[in-house]
Amino acid sequence: MAVTFSDLYAESGLKVLEEFLSGKTYISGDRLTKDDIKVYAAVVADPGSAFPNVSRWYACVSSHLAASFPGKAAGVNFGGKASPVEESQKEAAAADDDDLDLFGDETEEEKKAAEEREAAKKSSSKKKESGKSSVLMDVKPWDDETDMKKLEEAVRSVQMEGLLWGASKLAPVGYGIKKLQIMLTIVDDLVSVDNLIEDHLLTEPANEYIQSCDIVAFNKI
């Protein structure tokens, strides 16, 4: 069964360890184990006669470690940080101020929700950044007998997302034939002018009135 020790740098913690080691040589069982090494690392130094059981155990572990590491140690000191007691007091004060762990590990549900929000933001941003273009198109009839009113109706009947038809007028071509000049605005990512012409304006039923289409001007907005 696991044993928990705390504050081994303080008298209160050493008292607990002192009682635990009464009649024992090691922390776990009758041999030196990793448990002894962990506790040994938490005890700052040999506490001396004030805690005889801890002192005896500390000396025993030290002798084992000395045998494992025969090199002569020059000694190491640690600086730049408050004492363990001061650190403990600071941590306790911080714990009192913060009842919620705002930086705890995310659950799988929270991670998934965050990823979905991020994907939605990217998608929204992409749509906002999509450019638009203004196009002037010439739409020519088959002959001078073509009903230009029906021709324009056929053109404007083509509706799709990202397409907006604008102003139009009839302009003479010659031999009594007129063409329809019409403005349109498109969202570049949604509408291809080539596809608009080939798949919609030059196919049935629009091609009953439309002989050809030409792009006169194409400008980014």
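See the structure shown above.
The present account deals with the structure reproduced in this document. (Residues numbered from 1 in each chain as written. Predicted model: local features only at pLDDT ≥ 70, side-chain atom pairs only at ≥ 80, totals over all residues. Heavy atoms only, no water.)

## Comments concerning the environment of Gly 166
Working step 1: Topologically, Gly 166 is positioned in strand β2 (residues 163-174).
Working step 2: When residues no more than four places from it in sequence are discounted, the contact partners of Gly 166 are Arg 156, Ile 182, Met 183 and Leu 184. (Helix = DSSP H or I, 4+ residues; strand = E, 2+ residues; numbered from the N terminus. Contact = heavy atoms within 4.5 Å.)

## Examining the packing of aromatic side chains
Working step 1: Throughout the structure, instances matching the rule amount to 4 aromatic pairs.
Working step 2: On the numbers, 6.4 Å between centres and 65° between planes, the contact of Tyr 40 with Trp 57 is edge-to-face. Taken together, the positions of Tyr 40 in helix α2 (residues 34-42) and Trp 57 in helix α3 (residues 52-68) put the pair 17 residues apart, joining distant regions of the chain. Each member of the pair Tyr 40 and Trp 57 is classed as buried. (Phe/Tyr/Trp six-rings, centres within 6.5 Å; stacked < 30°, edge-to-face > 60°. Buried < 20%, exposed > 50% of the residue type's maximum accessible area, 1.4 Å probe, protein only.)

## Looking at the pattern of salt bridges
Working step 1: With the rule as written, the count across this model stands at 5 salt bridges.
Working step 2: The salt bridge involving Glu 11 is made with Lys 15; its shortest N-O contact spans 3.8 Å. Pair noted here: Glu 11 and Lys 15 are both in helix α1 (residues 11-20), with a separation of 4 residues, about one helical turn.
Working step 3: The salt bridge involving Lys 220 is made with Asp 188; its shortest N-O contact spans 2.9 Å. Of this pair, Lys 220 sits in strand β4 (residues 210-220) while Asp 188 is found in the loop between β3 (177-187) and α7 (193-201), placing the two residues 32 residues apart along the sequence. (Salt bridge = Lys/Arg side-chain N within 4 Å of Asp/Glu carboxyl O.)

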